[in-house]
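Chain residues, written in single-letter form:
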Amino acid sequence: MSELYRSAHYTVSATQLSQLPPDSGFEVAFAGRSNAGKSSAINTITGIKALARISKTPGRTQMINFFHLDDERAMVDLPGYGFAKVPKKERERWGRSIRKYLSERESLRLILSVIDARHEPSALDQDFFYWLASNEMPFCVLMSKADKLSNNKFAQSKKAVKNILAEMNIEVPILGYSASSRKGIPEIQELIQDFIRE
Ligand code: GDP
């Protein structure tokens, strides 16, 4: 299994939907606010340390970055939402593009919504969950930085997320992980594999 992830490599950054690679194959997209832990998740899942650093290159933070595993399968790093430095108009334009990508992309099999385990999902996170669910998109919640909480605190945090989702009538898998200890990473690798195989 990890063979597949080890061959991950950066392929494309798209600033506009017209620049996306052909819509064939299988994709899993990582979404979440800036700093949630998306790039670290991609690096840790693939075991390639600096892979998603590309997303941190100034100018690239507002792009959709593709990391292909092979000719058919890719992991996609979406621009973080709630990035205060980006002007509002720009954010709105971009939000529309991202929603269009998420709702129209046929290759997209799974969306991983990354949140920081230490904080309750923000209003933006909750809106995003709701939007995904109302559009019937397959998604899971990944709770990052689990190493920063005791097992007890993490369990409480996860319960709180579960309750917030339940209030919106949403039932999706919630997985915790740590990019520093790799705890929870094998489960995420398996989950992704389930969605991106033929
Ligand atoms: P992104 O903006 O969503 O791509 O977030 P990053 O992956 O850049 O992570 C933001 C910060 O959180 C960085 O300083 C990471 O080192 C840190 N970070 C991300 N995941 C973890 C984790 O699981 N554990 C710990 N301790 N730090 C993490």
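Our subject is the structure listed above.
No experiment lies behind these values; they were computed from the predicted model shown. (Residues numbered from 1 in each chain as written. Predicted model: local features only at pLDDT ≥ 70, side-chain atom pairs only at ≥ 80, totals over all residues. Heavy atoms only, no water.)

**Some thoughts on the environment of Gly176**
Alright, step 1. Counting through the fold element by element, Gly176 comes out in strand 7 (residues 174-176).
Alright, step 2. Linking Gly176 and Lys153, residues 23 residues apart in sequence, is a C-alpha distance of 12 Å. (Helix = DSSP H or I, 4+ residues; strand = E, 2+ residues; numbered from the N terminus.)

**Considerations on helix 4 (residues 123-134)**
Alright, step 1. In this model helix 4 runs 16 Å from its N-terminal to its C-terminal C-alpha over 12 residues, within 8% of the 16 Å that 1.5 Å per residue would give.
Alright, step 2. Taken together, the buried positions of helix 4 are Asp125, Phe128, Phe129 and Leu132. The arc that holds every buried residue of helix 4, seen down its axis, measures 100 degrees, which confines them to one face. In this structure, helix 4 carries Ala123 and Asp127 as exposed residues pointing more than 90 degrees from its buried face.
Alright, step 3. Two residues or fewer past helix 4, Glu136 is found with a positive phi of approximately 55 degrees. (Expected span 1.5 Å × (residues − 1). Buried < 20%, exposed > 50% of the residue type's maximum accessible area, 1.4 Å probe, protein only. Arc of directions from axis to C-beta.)

**With respect to the sheet that holds strand 3 (residues 64-68)**
Alright, step 1. With respect to topology, 7 strands assemble into an open sheet ordered 1-3-4-2-5-6-7, the strand pairing being mixed. Pairing within the sheet leaves two strands with one partner each, and these edge strands are strand 1 (9-14) and strand 7. The average undirected angle you get between the axes of adjacent strands in this sheet is 25 degrees.
Alright, step 2. In the sheet, strand 2 (residues 26-31) pairs with strand 4 (residues 73-77) via 5 bridges, with the strands oriented parallel. The partner of Glu27 across the bridge, within strand 4, is Ala74.
Alright, step 3. Contacts between helix 5 (residues 151-167) and the sheet are confined to strand 5 (108-116), strand 6 (139-144) and strand 7, with strand 6 contributing the most and set at about 150 degrees to the helix. (Pairing = 2+ DSSP bridges. Axes fitted to C-alpha atoms, helices over the stretch in contact; angles between N-to-C directions. Contact = heavy atoms within 4.5 Å.)

Function cannot be inferred from these measures alone, as they are strictly geometric.
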